[in-house]
Each structure stands twice: as C-alpha cells, then as structure tokens.
Amino acid sequence: MRFHFPLYSSSSFSLFSDFTFISSLPLIFSSSHFSPFISMAPAFEPLSPPHQEAEPQTATPHHADTVNNFGNDGQVVSKSKVTVVGSGNWGSVAAKLIASNTLKLNSFHDEVRMWVFEETLQTGEKLTDVINKTNENVKYLPGIKLGKNVIADPDLDNAVKDANMLVFVTPHQFMEGICKRLVGKVRGDVEAISLIKGMEVKMEGPCMISNLISEQLGINCSVLMGANIANEIAVEKFSEATVGYRDNREIAEQWVKLFSTPYFMVTPVQDVEGVELCGTLKNVVAIAAGFVDGLEMGNNTKAAIMRIGLREMRAFSKLLFSSVRDSTFFESCGVADVITTCLGGRNRKVAEAFARNGGKRSFDDLEAEMLQGQKLQGVSTAREVYEVLSHRGWLELFPLFATVHEICVGRLPPSAIVEYSEKKPRLSLLEDPACYQ
Ligand SMILES: NC(=O)c1ccc[n+]([C@@H]2O[C@H](COP(=O)([O-])OP(=O)(O)OC[C@H]3O[C@@H](n4cnc5c(N)ncnc54)[C@H](O)[C@@H]3O)[C@@H](O)[C@H]2O)c1
Ligand SMILES: O=P(O)(O)OC[C@H](O)CO
C-alpha cells in the first residue's frame, strides 16, 4: 500500500522537531488578543480537593438573588453563582459535575442554572419541564441524575443575569448567535470558561471560541478541554482534564475547584490557545481515525493517523499562535484526547459509517440518524481548518487535515486517507523556509 503522507515518511525533516523555520513563517493571523480583563468579585479560597472542604450544605435549590451567605466565623462570604450555557451531552455532564461541587463548597451558591435550547419532545412535553421534573436530561443524557440543584432554564437572558461564573458548552456552530444575544446581558464582574471544541473562521482569520466570547462580551474566558467522553464521566469513571488560562492563576484555580472531583482530575496550564486548539483539532484527527476504522485498516494504521494528526495539531497551533507550548500537547487536552476520541468518540463513529458507505451517505444524514440530535464538530472544523490552510498557502504542509476535508466533501474517496494523492506534496516548501517570505 502506498501512503498519502510522504511528508512525514522521511526522517530527514520533521515538521514537529524543527519549529525554527515554522516560527519564522509570517504570522498573518493575529496572535491572541482579548478584551480587557474584568476581575472577579468573590474572594478566592486556597485550592483544595473539593471532597475535603467544609461541611456539605443543604441540597435544596433556591432562587434568591443574593450571593452572600455567612461562613463558620460569622463573616459574610461572597458566593459565586454559576450558569452553564448549554445542555447537550457534555453540557449536562458538566452541569452535574459542577452541581456536585457547588453543594459542597462554601464559595459557590448551591444552585446551578443550565440554559436549555428549548425543544418539544416526542411526548409533546418541553425538554426544560422534563429536566426540572425528573432531574434528568432525557434527550441528551438519559438515565443520569443531574443533581437537584441544577435548574433548567429556557430563557437565556434570565439564565445568565445573576451569574458571575459562566460555563459555555454548546456545539461551536451556535456560539456566534448565542454571543450576539448575550451582548449587554451579562454581569460586569463575570468570568467565563469555554468547554467548546471548535473555532470560527472570519475574514481576518481564525477565531477561537474563547476569543469570540471574550471579544463579543468583553469578558475574560478560560477553557477546559481534555480526554472527556461525556458518557463515561457521567457514570463517574476516572478521567483528567486541562484548564487553559491566560494570566491569572487564581481564576484558573477557581475553575479547577469548581470542576474537580475524585473522578475528574483537572490541571491548570497557562496556554489558552494551545489547550483550545488541541480540543478543536483533535476532532479532525478523529474523523481520519473513523475513516481508517471504516476501511478496516487495523491498529497500526490508526496509531499512525494519531501520531501524524498530533504532529499536524502542534504545527498548526504553533503557526497560528507562537505562544503555544509544546508541553501542552502532553496534557490531557493533547495526546490523551487524541487517543480517546480516536477510540471512542462520536466523530470517529460517524466517520467510520461514512467510510463503510463508501462516502455515498452524507455526514449530515449519518449524524442525524446516529446521534439523535447530538452534533459532530470534526467535519465543520476540518472545513474551517482547510479554509485557513488554503488562504495561507499551507495546504501541502498539512496533508492529513487537508485530506480529511476533501474526503468529507466528496472530492476524494475515504481510501485517500492512506493513499498517495495524484498531487505530490512539494517537499521543497518545507525544506526551504524562504519560500514563505
Ligand atoms: N459530548 C462529549 O463527549 C464532549 C466531550 C467534551 C467536549 N465536548 C464538546 O462540548 C461541546 C458541546 O457538546 P455537547 O456534547 O454538550 O453537545 P451535543 O453534541 O449533545 O449537541 C446537542 C446540543 O445542541 C443544542 N442545540 C441544537 N440546536 C441548537 C441551536 N440552534 N442553538 C443552540 N443550541 C442548539 C441542543 O439543544 C443540545 O443541547 C462541543 O464543542 C463538543 O465538542 C463534547
Ligand atoms: O464524541 P466526540 O468525537 O465529539 O468527542 C468527545 C470528546 O471531545 C472527547 O474528549
């Protein structure tokens, strides 16, 4: 068999090991820029494992506007109020994780609001009503109790208005619209975190979702990514995650505290772009892994795809943001997420079906049939990455990313993932950085 990635077959050049020339490439897309940081009102507590802290509080949800309570010493304690914007498969699990901690930790208000994109179920009932009645997201996370302090709310403005900690977790394609609706609606002291794996491509270039949130709402936004298949975390199987923060370690620690449980171990890393790009780009690698599974290529081929994919992830991330750290790729958000998503994710699963059908059934069809309302991120991310690559003239540097998109849109057959294309990559482009000047 002939392979489609001769760029990587030679040991004489490594896109990964030699970033000297990569960093010398012109960085057309602006590096990270974000709106002025707005500090968080509540005092931070020292980071400690949530399960060791203070005595549990009552589980009764309450709706009071106040966020102040009295601590053990009679002092008024400022409490953070958390709202989760999104209620899909991961959104619901995130709400469950958070709600288990807000009940235990004195620095958080018990209640966790969860904004629900309202829909009517086949029974005729509203999803929000069913969640509040049964404490289960029967459509996106059936069989799992979220915690009685999770309150589903179909009104976006109402859901966010009192919160000073906002957790964004929707499929990435909906975020631009959600941000537009939220302009002027969030508190001035709010901190945000994005669990969303994806990006937007605008005229000016790529825009990470955390940046979209920061810019549109004028707030600071951290990220949480990792090897996190939601259904496994829902049943409390151990996993790790990475919080990417910009420059305020205390804020990162507040997020770590909010999410950490004995079965969910969270590590902060000062590299928002690196962490977010890992979470975003691994979905493209997962599509490639699914093609390999659909073609029944076996484990060695899939491992090769993971390795090549990880290398392209790092190269692409560093081209976009020179601040991205190599070490980030060894965190849960990097290599671990590539592995889990290529073994057990939804992108992999649907791409496998696409390849088994010889590319004859569209991803949209397969997604609707196989995921029942849940959304793939990898196909649109592959398109977005392709737009960036073609706009910058980098297509030949990233044969895996480019090929995934061309297969998704039907320009190449699924088998192209492991075959030479007609068009040979121009190795000179990689070997002579002057080509880019
Ligand atoms: N599910 C996972 O295992 C997992 C794990 C880690 C990260 N993520 C990431 O988290 C993000 C959210 O994923 P998810 O699994 O919670 O969602 P999902 O795939 O379950 O998507 C369904 C959600 O999208 C909502 N939705 C549908 N149309 C909408 C619209 N027009 N506007 C707004 N919302 C709409 C639905 O109401 C539902 O809440 C994604 O970026 C995903 O990559 C997912
Ligand atoms: O099911 P996927 O492919 O959307 O991946 C889920 C998570 O991102 C894995 O960490």
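Let me sum up the structure you'll find in this document. Only a predicted model underlies this, so the values are computations on that prediction, with no experimental measurement involved.

### Some details on the sheet that holds strand β13 (residues 239-244)
With mixed pairing, the eight strands of this open sheet are ordered in space as β7-β4-β3-β8-β9-β12-β13-β14. Each end of this open sheet is capped by a strand with a single partner; those strands are β7 (150-153) and β14 (264-269). Each strand of the sheet is rotated relative to its neighbour by a mean of 25 degrees, with strand direction disregarded. Two elements, β13 and β14, share six bridges in a ladder whose sense is parallel. From the neighbouring strand, G244 faces β14, where its bridge partner is V269. Each of β12 (221-225), β13 and β14 is contacted by helix α10 (residues 272-294), which is oriented at about 40 degrees to β12, the strand it contacts most.

### Looking at the site of ligand 1
Close to ligand 1 lie 23 residues, the nearest being N89, N228, A230, R346 and K375. Residue W90 places a main-chain N or O atom 3.0 Å away from an oxygen atom belonging to ligand 1. Within the backbone of A230, one N or O atom sits 2.8 Å away from an oxygen atom of ligand 1. Broken down by element, the shell around ligand 1 gets its largest block of residues, three residues, from helix α3 (residues 89-104). Among the residues forming the shell around ligand 1, the class breakdown is 10 nonpolar, nine polar and four charged. Three or more residues apiece are contributed to the shell around ligand 1 by two domains, here domain 1 (6-30 + 274-436) and domain 2 (50-270).

### Some points on the pairing of β13
With five of six residues buried, β13 lies mostly within the body of the structure. Here three bridges tie β12 to β13, and the two strands are oriented antiparallel to one another. Along β13, the bridge assignment pairs M225 with T242. The parallel pair β13 and β14, bridged by helix α9 (residues 249-259), forms a crossover whose chirality is right-handed.

What counts, and at which threshold
Residues numbered from 1 in each chain as written. Chains lettered and ligands numbered in written order. Predicted model: local features only at pLDDT ≥ 70, side-chain atom pairs only at ≥ 80, totals over all residues. Heavy atoms only, no water. Pairing = 2+ DSSP bridges. Helix = DSSP H or I, 4+ residues; strand = E, 2+ residues; numbered from the N terminus. Axes fitted to C-alpha atoms, helices over the stretch in contact; angles between N-to-C directions. Contact = heavy atoms within 4.5 Å. Near = heavy atom within 4 Å. Polar contact = N/O pair within 3.5 Å; in protein donor to acceptor, adjacent residues only side chain to side chain. Nonpolar A, V, L, I, M, F, W, Y, C, P; charged D, E, K, R; others polar. Domains from an automatic or database assignment. Buried < 20%, exposed > 50% of the residue type's maximum accessible area, 1.4 Å probe, protein only. Right-handed = clockwise from strand over helix to strand, strands pointing away.

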